[in-house]
Amino acid sequence: MKTCLLILIVCLSVISTSAQLSERRGYIGISAGPAYPVGDFGSKSLSSENAQFAQRGYSTSWVNFGYLFKRHFGITAAIFYGENDVDRSGTEDWWQIMAITGGPMLSMPVFEKIRIDSKFRIGYIGTTRVIDSMSGQNDFGGGFGIDFRLTVRYDVIKWLCLFMEGGYISSRQKFPDSTAASIQEIIAGFGVAYRLK
């Protein structure tokens, strides 16, 4: 009798978990929010040759994707773009930042309709230095980078969720003229996503 009861409990647990996962296991959406430069990227020190004078800007995720293979573990990917003005008087300079990143995702339920996703992504981050409203061949940089995000999702209805996230990106950019720049930003965002089966 105890064995039958134990088997019944295990079967019901597996069915319940499978039902939750098969209902909606992922999402794909868009998000936008402010981006705050840190480190050398945001430094305004005239005595530092690594200071990039970047001001607060914005970041937009054209693709913000997450999918669970198990109850708590899955994969995530993103394609995002952002801009930061340069704080130098009398100039029209700014940075453009583009990236494609992907990696593992850890997802934890908080309440019935709320989950927290921890995402650790790596990938390619590219930049463009726009100087006096123009960019040349030597102004296109790129390099390997990290993209860490913490996302809070709220399931509004069966096929739609809202989310907000915060995170950090970092990359060492190399340019064709043999110069380099460190790009580091703290990013926040608000978005909407379609929930995938």
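Quick caveat, the model's predicted, so the values are computed rather than measured.

Conventions and cut-offs
Residues numbered from 1 in each chain as written. Predicted model: local features only at pLDDT ≥ 70, side-chain atom pairs only at ≥ 80, totals over all residues. Heavy atoms only, no water. pLDDT = per-residue confidence, 0-100. Contact = heavy atoms within 4.5 Å. Helix = DSSP H or I, 4+ residues; strand = E, 2+ residues; numbered from the N terminus. Buried < 20%, exposed > 50% of the residue type's maximum accessible area, 1.4 Å probe, protein only. Core = buried A, V, L, I, M, F, W, Y, C linked by side-chain atoms within 4.5 Å. 1 Å grid on protein atoms, 1.4 Å probe; cavity = no way out; pocket = protein on both sides within 12 Å on 5 of 7 lines; lining within 4 Å. Points joined across faces, edges and corners; volume = space filled by probe spheres on them. Nonpolar A, V, L, I, M, F, W, Y, C, P; charged D, E, K, R; others polar.

1. Things to note about the confidence of the model for the protein chain
Confidence along the protein chain averages 86 in pLDDT terms, with 87% of residues attaining 70 or more. In this model residues 1-22 is a low-confidence stretch, pLDDT under 50, and it forms four contacts with partners more than four residues away in sequence or in other chains.

2. Considering the environment of Ala193
Checked against the element boundaries, Ala193 lands in strand β8 (residues 180-196). On the basis of relative accessibility, which here comes to 3%, the residue Ala193 falls in the buried class. For the pair Ala193 and Gly26, spaced 167 residues apart in the sequence, the C-alpha separation amounts to 9.5 Å.

3. Concerning unusual backbone geometry
One can expect most non-glycine residues to show negative phi and most peptide bonds to be in trans. The phi dihedral of Phe53 is positive, around 60°, even though this residue is not glycine. Locating Phe53 in the fold gives a position in the loop between β1 (26-37) and β2 (57-68). The exposure class of Phe53 is buried, given its relative accessible area of 10%. Positioned with a positive phi, Ser178 is a non-glycine residue whose angle comes to about 75°. Among the structural elements, Ser178 can be located in the loop between β7 (160-174) and β8.

4. Details of the nonpolar core
What tends to happen in soluble globular proteins is that the nonpolar side chains get buried as a cluster. Core analysis: the biggest nonpolar cluster contains 17 residues, and Phe41, Phe80, Trp95, Ile97, Ile169 and Ile183 have the highest contact counts within it. Looking at this core, the elements that each hand over two or more residues are β3 (73-85), β4 (94-111) and β8. The contact partners of Phe80, leaving out residues within four places of it in the chain, are Ser59, Thr60, Ser61, Trp62, Ile97, Met98, Ala99, Thr101, Asp147, Arg149 and Ile169. Among the nonpolar cores identified, the runner-up in size contains six residues, and Tyr27, Met105, Cys161 and Ala193 belong to it.

5. Section: the layout of surface pockets
As a volume, the second largest pocket reaches approximately 240 Å³. In terms of lining residues, the second largest pocket is bounded by 17 residues, among which Ala51, Gln52, Arg88, Trp95 and Arg129 are the most central. Those elements that provide at least two residues to the lining of the second largest pocket are β4, β5 (114-130) and β8. Broken down by element, the lining of the second largest pocket gets its largest block of residues, three residues, from β8. In the lining of the second largest pocket, the residues fall into eight nonpolar, three polar and six charged.

6. Quick notes on empty space enclosed by the protein
The tally for this structure, following the rule as stated, stands at one cavity of 30 Å³ or more. Within this model, the largest cavity holds a volume of roughly 40 Å³. Contributing to the lining of the largest cavity are Ser31, Ala32, Gly33, Ser59, Ser61, Arg149, Glu165, Ile187, Ala188 and Gly189. Tallied by class, residues from the lining of the largest cavity come to three nonpolar, five polar and two charged.

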